[in-house]
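# Fold and contact review
In case you want the letters, here they are:
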Amino acid sequence: MSFTTVAALDEIPDGGMKQVSVWGDVVGLYRVGRDVYAINDYCSHEETFLTEGDFEVEDLEVECPLHGSRFNVVDGSVRILPATKPVATYPVKVEGDMVLVGPRNDR
Ligand code: FES
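Residues numbered from 1 in each chain as written. Predicted model: local features only at pLDDT ≥ 70, side-chain atom pairs only at ≥ 80, totals over all residues. Heavy atoms only, no water.

## What to know about the pairing of strand S2 (residues 17-22)
Residues in a regular strand point their side chains to alternate faces of the sheet. Short version of the rule: For two strands to pair, DSSP has to find at least two bridges joining them. By the criteria applied, helices consist of DSSP H or I runs no shorter than four residues and strands consist of E runs no shorter than two, each listed in order from the N terminus.
Across six bridges, the pairing between S2 and strand S3 (residues 25-32) is antiparallel. Bridge pairing in S3 places Lys18 opposite Leu29. Following S2, the chain reverses through two residues before pairing antiparallel with S3; Trp23 in that reversal takes a positive phi of roughly 55 degrees.

## Quick notes on the nonpolar core
Going by this rule: By nonpolar core is meant a set of buried Ala, Val, Leu, Ile, Met, Phe, Trp, Tyr and Cys residues that side-chain atoms within 4.5 Å join together. Type-normalised accessible area, obtained with a 1.4 Å probe on protein chains alone, sets the label of each residue: buried when under 20%, exposed when over 50%, and partly exposed for intermediate values. Whether two residues are in contact is decided by their heavy atoms, any of which lying within 4.5 Å being enough.
Within the largest apolar cluster, 13 residues are counted, with the highest numbers of intra-cluster contacts made by Val6, Val27, Leu29, Val99 and Val101. Elements represented by at least two residues in this core include exactly strand S1 (4-8), S2, S3, strand S4 (35-40) and strand S11 (98-101). Once you skip the residues sitting within four places of it in the chain, Val27 turns out to touch Lys18, Gln19, Val20, Val22, Ala38, Ile39, Asn40, Asp41 and Tyr90. Counting eleven residues, the second largest nonpolar core, distinct from the first, contains Ile39, Val62, Phe71 and Ala83.

## A short note on the environment of Val6
Position of Val6 relative to the elements: it lies in strand S1. Once the C-alpha coordinates of Val6 and Gly102 are considered, the two residues, 96 residues apart in sequence, prove to be 9.9 Å apart. Once you skip the residues sitting within four places of it in the chain, Val6 turns out to touch Val20, Val22, Leu29, Val99 and Val101.

## Considerations on the sheet that holds strand S8 (residues 78-80)
Short version of the rule: Axes here mean lines fitted to C-alpha atoms, for a helix over just the part in contact, with angles spanning 0 to 180 degrees between N-to-C directions.
The four strands lie next to each other as S5-S6-S7-S8, forming an open sheet whose pairing is antiparallel. Since the sheet does not close on itself, it has two edges, and those belong to strand S5 (54-56) and S8, each with one partner. Neighbour-to-neighbour, the strand axes of this sheet turn through a mean angle of 30 degrees, independent of strand direction. Note that strand S6 (residues 61-63) and strand S7 (residues 70-72) share three bridges and pair antiparallel. Across the sheet, residue Glu61 finds its bridge partner in S7, namely Asn72.

Right, here's the structure in full:
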């Protein structure tokens, strides 16, 4: 599988998030220490960016800024309605200080 470098690790605050464009998609990166998770940044309910919401680090969930749906940032699953469809996830590698993302998992 091919990976592409999308950010330096220190561009993402620990416990924070960053939006990047990769593989033709808008993707949200979520950092917890040296672990980084990547999910599609469009809420599956209506079109808004999840990285404009809140990252609840303890739960590994992001809360949509529009209607409050929550998605697990590890597997993209919906944790709180009104969204019903999961968002796509992307494989992530952290190599040294660089964050690399592979093609979305549902392709
Ligand atoms: S747009 Fe995200 S919950 Fe409605």
